[in-house]
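# Commentary on secondary and tertiary structure
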Amino acid sequence: MPPIQRPIRQIDEAIPSQSLPYIPDAQQWLASIVESSDDAIIGESLEGIVTSWNNSAKRIFGYEASEVLGRHISLLAWPGNEEDTPRFIEAIRRGERVDHYETTRRHKDGSQIFVSLTLSGIHDAEGKLIGISKISRDLSSRNAADATLVRQARLLDQVYEPILVLSRDDRIMYWNKGAERVYGWTATEAIGRTGRDLLQTEFLEPELSMREALEIEGNWEGELANVTRDGVRRTMLSRRKRQEGTVGWEVIETSFDITERKIARELEEQTRAIVLAEAKFRELIENAPDAILQVDPSGKILVANHTAEVMFGYTRQELLSQSVDVLVPNAVRGPHIEHRASFAKSPMARPMGRGMELSALRKDGIEIPVEISLSPSQREGGLNVTAVIRDVSERRQVEAQIRTLRENYMAELEARQREAERLNLLKSEFLASMSHELRTPLHTIMGFSELLSEEGEGPLNDKQKRFLQHIREDSKHLLGLINDVLDLSRIEAGAISLRIEHISLADAVSEAVNAIIPNAAMKSLALESHDIFKGLVAVDPMRLKEILYNLLGNAVKFTPQGGKVTVQTEEEGRFVRVTIADTGIGIPADQLEQIFEKFYQVGFATSGVREGTGLGLAISKRLIEMHGGSIGIESKLGSGSRFYFTVPKVM
């Protein structure tokens, strides 16, 4: 094959023979490759004379090898492109290459061919440039496909709705005229950007479900919201379909703008809801427990519900043809007309039940007590007034019965109060009298026991002395009980008044502690005082000592052998708080509220014998309250008690 000897030799020289040990005739093998190539492979001299021509060159350009060998390559130039040949030859001479240059060439039959040219130099064994190797690839089929795509794109641009092609990562690859029309961006502005960023896309269902549908089923349909270039939010019905693209799968999206349709649907649903609500409202009005009337500016009844028919005894037709004045008793009809005119001048909603005694007139002439609520509403014809009227006949009867019962109860309560006060006065007088009567003989007993103990009439034996000691101790105890009863009765009768003085609290506490030390020593109790207030307090000295003796005495009485009683104070604003704590038997939680009641006794003394009358704490509470202070307790059964009270300090 003489025509292709020179390019084959050049190829043969480029591939050393030792690299082809398994091919007996490398030159023949390379010739076979050139002849079987789909591209035209053409050899040219440095002057542009065709020196070789393979089968694909014949197929692409239509010339036999014999028709072009020895002829200038410009034979194939398309009119207007003749300058390409000398330019390419000059580039090769400079040692350059020409890669994938797309241009047009002329077929033997005169038709136009689209080709891609790649040119490189051919060198001999010494590296001398001796020719040009040209590879021509036929692009006619690709251009036809491109033309088809162009036609398809033009057709897609005629579609009224948006059509997009999105990459897997949501990047816009295609944007038709419909998308430009709806969203406002041109294809040049949109392509390459992500749809989510450009359109601010919001899916009305989770976006993850859309992606899963595309992955698994290959398509998805649903609603989403996009924002146009001018900031308008459009609701779109989107259909997405997955297809394989050049770089992974792509998504074709067609969308339909359903914003107006959705708004219309929502308006329709709202209208339906309004109609339904209005029907329910009418039903509610019709069956309301109160009569409802609407009256025009002239006083004519425009609306009346079923309850109004029942309440006033008129049919609805009769009410609608009447003036509202027909429902007003004759005695107040004149003022009512004036009130209606006054209300029209300054309309203001008036709630039901403002304390006004109103009556309405039934058709049968019976007057019924009512309450009325008025609501003005402005209409084209003037001011309409809606009146809600409630029949309060039963309520007035019940109120009258309750009022009678309350009056009777209050009269009875006052009578009982007067009787209680009378009995309490009698009790106080009785207690005072009895206390006096009891104390007189008791003092005689105590006096004679003292005389006997002096042994003025002769010596006493030990047994007689022991008997006298019991008489003296029990007499003192009985005298204390009588004094407590007398004090409480005097306090309740208001017969005790305080003599307020400014005294040292520390001195009062010290005196009370010293007085109680002998009793504490008999039980080996530690009696301590801490942080005692050094200032003055405004109290009745005798009553303060009485309170301290009572609380300290109780603490000693209810604290077992070897325990401890502590007194301490602290300032609380205008008061001083005195706390007396013990390690005694304590008080159950359910009895703490009753501890300060009269005659109430909690538990037993450590000796196991209940002592006293239960009046000491009650008296102390009342005396402290008379000083303007308060008293309280903190205690737990088995863990001791903390009594605390406050007295005013001198500021």
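What you are looking at is a predicted structure, and each value in this text was computed from that prediction instead of being measured. (Residues numbered from 1 in each chain as written. Predicted model: local features only at pLDDT ≥ 70, side-chain atom pairs only at ≥ 80, totals over all residues. Heavy atoms only, no water.)

Attention now goes to the nonpolar core. Among the nonpolar cores identified, the biggest contains 41 residues, and Leu 544, Leu 548 and Phe 645 are the most heavily contacted of them. Breaking this core down by element, the ones donating at least two residues are helix 17 (505-522), strand 19 (536-539), helix 18 (541-557), strand 20 (564-572), strand 21 (575-582), helix 19 (616-626), strand 22 (631-635) and strand 23 (641-648). Looking at this core, the element that brings in the most residues is helix 17, giving 8 residues. Dropping the residues within four chain positions of it, Leu 544 is found in contact with Ile 503, Leu 505, Ala 508, Val 539, Phe 645 and Val 647. Counting 23 residues, the second-largest nonpolar core is a separate cluster that includes Ile 42, Ala 91, Ile 113 and Ile 132. (Core = buried A, V, L, I, M, F, W, Y, C linked by side-chain atoms within 4.5 Å. Buried < 20%, exposed > 50% of the residue type's maximum accessible area, 1.4 Å probe, protein only. Helix = DSSP H or I, 4+ residues; strand = E, 2+ residues; numbered from the N terminus. Contact = heavy atoms within 4.5 Å.)

Here Asp 582 is to be found in strand 21. Buried charge without a partner: Asp 582 forms no salt bridge, and the closest opposite charge is Lys 523, 9.8 Å away. A distance of 2.8 Å separates the side chain of Asp 582 from the backbone nitrogen of Gly 584, its partner in a polar contact. Ignoring anything within four residues of it in the chain, the contact list for Asp 582 reads Ala 555, Thr 559, Lys 564, Val 565, Ser 639, Gly 640 and Ser 641. (Lys, Arg positive; Asp, Glu negative; His and termini not counted. Salt bridge = Lys/Arg side-chain N within 4 Å of Asp/Glu carboxyl O. Polar contact = N/O pair within 3.5 Å; in protein donor to acceptor, adjacent residues only side chain to side chain.)

The subject of this paragraph is empty space enclosed by the protein. Counting across every chain of the model gives 5 cavities of 30 Å³ or more. If you add up the space inside the largest cavity, you get close to 100 Å³. Considering the residues around the largest cavity, the lining is formed by 15 residues, among which Asp 170, Gly 195, Arg 196, Thr 201 and Arg 240 are closest to the centre. Contributions of two or more residues to the lining of the largest cavity are made by strand 6 (163-166), helix 9 (195-199), helix 10 (207-216) and strand 9 (219-227). Its residues assigned to classes, the lining of the largest cavity shows 6 nonpolar, 3 polar and 6 charged. (1 Å grid on protein atoms, 1.4 Å probe; cavity = no way out; pocket = protein on both sides within 12 Å on 5 of 7 lines; lining within 4 Å. Points joined across faces, edges and corners; volume = space filled by probe spheres on them. Nonpolar A, V, L, I, M, F, W, Y, C, P; charged D, E, K, R; others polar.)

A surface patch of nonpolar side chains, about 280 Å² in accessible area, is lined by Tyr 409, Met 410 and Leu 413. Along the chain, Leu 413 falls in helix 15 (residues 393-453). (Patch = residues over 30% accessible without salt bridge, like charges linked within 9 Å, V, L, I, M, F, W, Y side chains within 5 Å. Areas by Shrake-Rupley, 256 points an atom, 1.4 Å probe, with all protein chains shown as cover.)

A word on unusual backbone geometry. In this structure, Ser 524 is a non-glycine residue whose phi angle is positive, near 55°. You can see Ser 524 is positioned in the loop between helix 17 and strand 18 (526-530). Even without glycine at this site, Asp 531 takes up a positive phi of about 50°. Its place among the elements puts Asp 531 in the loop between strand 18 and strand 19. When its relative accessible area of 62% is taken as the criterion, Asp 531 is described as exposed.

Once that is clear, we can look at the layout of surface pockets. Quantified by volume, the second largest pocket comes out at close to 900 Å³. His 336, His 339, Arg 340, Ile 372 and Leu 374 are, among the 32 residues lining the second largest pocket, the residues nearest its centre. Listing elements by their share of the lining of the second largest pocket, those giving two or more residues are strand 12 (291-295), helix 14 (330-345), strand 14 (358-361), strand 15 (367-379) and strand 16 (382-391). It is helix 14 that provides the largest number of residues to the lining of the second largest pocket, a total of 8 residues.

What follows covers the packing of helix 17 against helix 18. One can describe the packing of helix 17 onto helix 18 by two numbers: an axis separation of 9 Å at closest approach and a directional angle of 35°. In this structure, helix 17 crosses over helix 18, and the sense of that crossing is right-handed. For the pair helix 17 and helix 18, contact is made by Leu 505, Ala 508, Val 509, Glu 511, Ala 512, Val 513, Ala 515, Ile 516, Asn 519 and Ala 520 and by Leu 544, Lys 545, Leu 548, Tyr 549, Leu 552, Gly 553 and Val 556, respectively. Split into classes, the residues belonging to the contact of helix 17 with helix 18 amount to 13 nonpolar, 2 polar and 2 charged. (Axes fitted to C-alpha atoms, helices over the stretch in contact; angles between N-to-C directions. Left-handed = near helix turned anticlockwise from the far one by under 90°.)

This brings us to the pairing of strand 20. Across 5 bridges, the pairing between strand 18 and strand 20 is parallel. Bridging from a neighbouring strand, Ala 526 pairs with Lys 564 of strand 20. Here strand 20 pairs with strand 21 via 8 bridges, running antiparallel. For Val 565, the partnering residue across the bridge sits in strand 21 and is Asp 582. As consecutive antiparallel partners, strand 20 and strand 21 are separated by 2 residues, and within that stretch Gly 573 has a phi angle of approximately 65°, a positive value. (Pairing = 2+ DSSP bridges.)

Along the chain, the position of Trp 53 falls in strand 2 (residues 50-53). Sequence spacing of Trp 53 and Tyr 63 is 10 residues, and the spatial spacing of their C-alpha atoms is 9.3 Å. A polar side-chain atom of Trp 53 sits 3.0 Å from the main-chain carbonyl oxygen of Tyr 63.

The antiparallel open sheet is built from 5 strands, whose spatial order is 13-12-16-15-14. One side of each edge strand has no neighbouring strand; the edge strands of this open sheet are strand 13 (301-304) and strand 14. Put simply, the sheet's adjacent strands are angled 40° from each other on average, direction ignored. Across 3 bridges, the pairing between strand 12 and strand 13 is antiparallel. Across the sheet, the residue bridging to Val 295 is Ile 301, located in strand 13.

Summarising the element assignment, Gly 313 is placed in the loop between helix 12 (306-312) and helix 13 (316-320). Along the chain, Gly 313 and Lys 363 lie 50 residues apart, while their C-alpha atoms are 5.5 Å from each other. Gly 313 has contacts with Ala 308, Arg 362 and Lys 363, leaving out every residue within four places of it along the chain.

On their own, these measurements won't tell you what the molecule is for.
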